[in-house]
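Chain by chain, the residues:
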Amino acid sequence: MEQTTRRTFMMQVAAGSSVLVASSAMAQAAAPKLDDKDPQAVALAYIADTTKVDAKKFPKHTAAQRCDNCQLYTGKAKEPMGPCTLFAGKQVAAAGWCSAYVKKAG
Ligand code: SF4
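A quick note: this is a predicted structure, and the numbers were derived from the prediction, not measured.

This paragraph deals with the site of the ligand. Neighbouring residues of the ligand: Y46, C67, C70, L72, Y73, C84, L86, F87, C98 and Y101. Residues that form the shell around the ligand fall into these classes: 10 nonpolar, no polar and no charged.

Here's what the structure looks like:
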């Protein structure tokens, strides 16, 4: 009797943990894409496509400047989107850009 209760408890704990792991993985995968119209994005002139940056407003910008080679980008290489330390809880486009761009060292 005791054995059964213990086994049932252990199975419930195991099931509970896998639900937690699955939901945290989902929460990470579901981080919303940063909208170009988000007030903070607007303030930093964020754009999801670096080739569309206004050259008159940002004469020092080049198409080689992309989020995925910016120091503040923490996404994985070759992923289309990833987190940026400036926009917590959102994902920026790997091919994006904003006026806070800092070339990744190395
Ligand atoms: Fe992209 Fe860098 Fe601007 Fe973040 S700080 S949005 S990674 S250019």
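Text resumes after the structure shown.
Another aspect to go through is the environment of V92. Secondary-structure assignment places V92 in strand β2 (residues 91-93). When the C-alpha atoms of V92 and G75 are compared, they prove to be 8.8 Å apart, with 17 residues separating the residues in sequence. When sequence neighbours within four positions are dropped, the list of residues in contact with V92 reads L34, Y46, C67, Y73, P80, M81, G82, C84 and F87.

Right, let's get into the pattern of salt bridges. Tallying each qualifying case throughout the model produces 3 salt bridges. Of the charged contacts in the structure, one is a salt bridge between K90 and D38, with a shortest N-O distance of 3.3 Å. Of this pair, K90 sits in the loop between β1 (81-83) and β2 while D38 sits in the loop between α1 (2-29) and α2 (39-43), and the two are 52 residues apart along the sequence. The partner of R66 in a salt bridge is D68, and the shortest N-O contact between them spans 2.9 Å.

Looking now at the confidence of the model for the protein. The predicted model of the protein averages 84 in pLDDT, with 72% of residues at 70 or higher. This model gives residues 16-27 a pLDDT under 50, and the stretch forms 0 contacts once residues within four places in sequence are excluded.

Definitions and limits used
Residues numbered from 1 in each chain as written. Predicted model: local features only at pLDDT ≥ 70, side-chain atom pairs only at ≥ 80, totals over all residues. Heavy atoms only, no water. Near = heavy atom within 4 Å. Nonpolar A, V, L, I, M, F, W, Y, C, P; charged D, E, K, R; others polar. Helix = DSSP H or I, 4+ residues; strand = E, 2+ residues; numbered from the N terminus. Contact = heavy atoms within 4.5 Å. Salt bridge = Lys/Arg side-chain N within 4 Å of Asp/Glu carboxyl O. pLDDT = per-residue confidence, 0-100.

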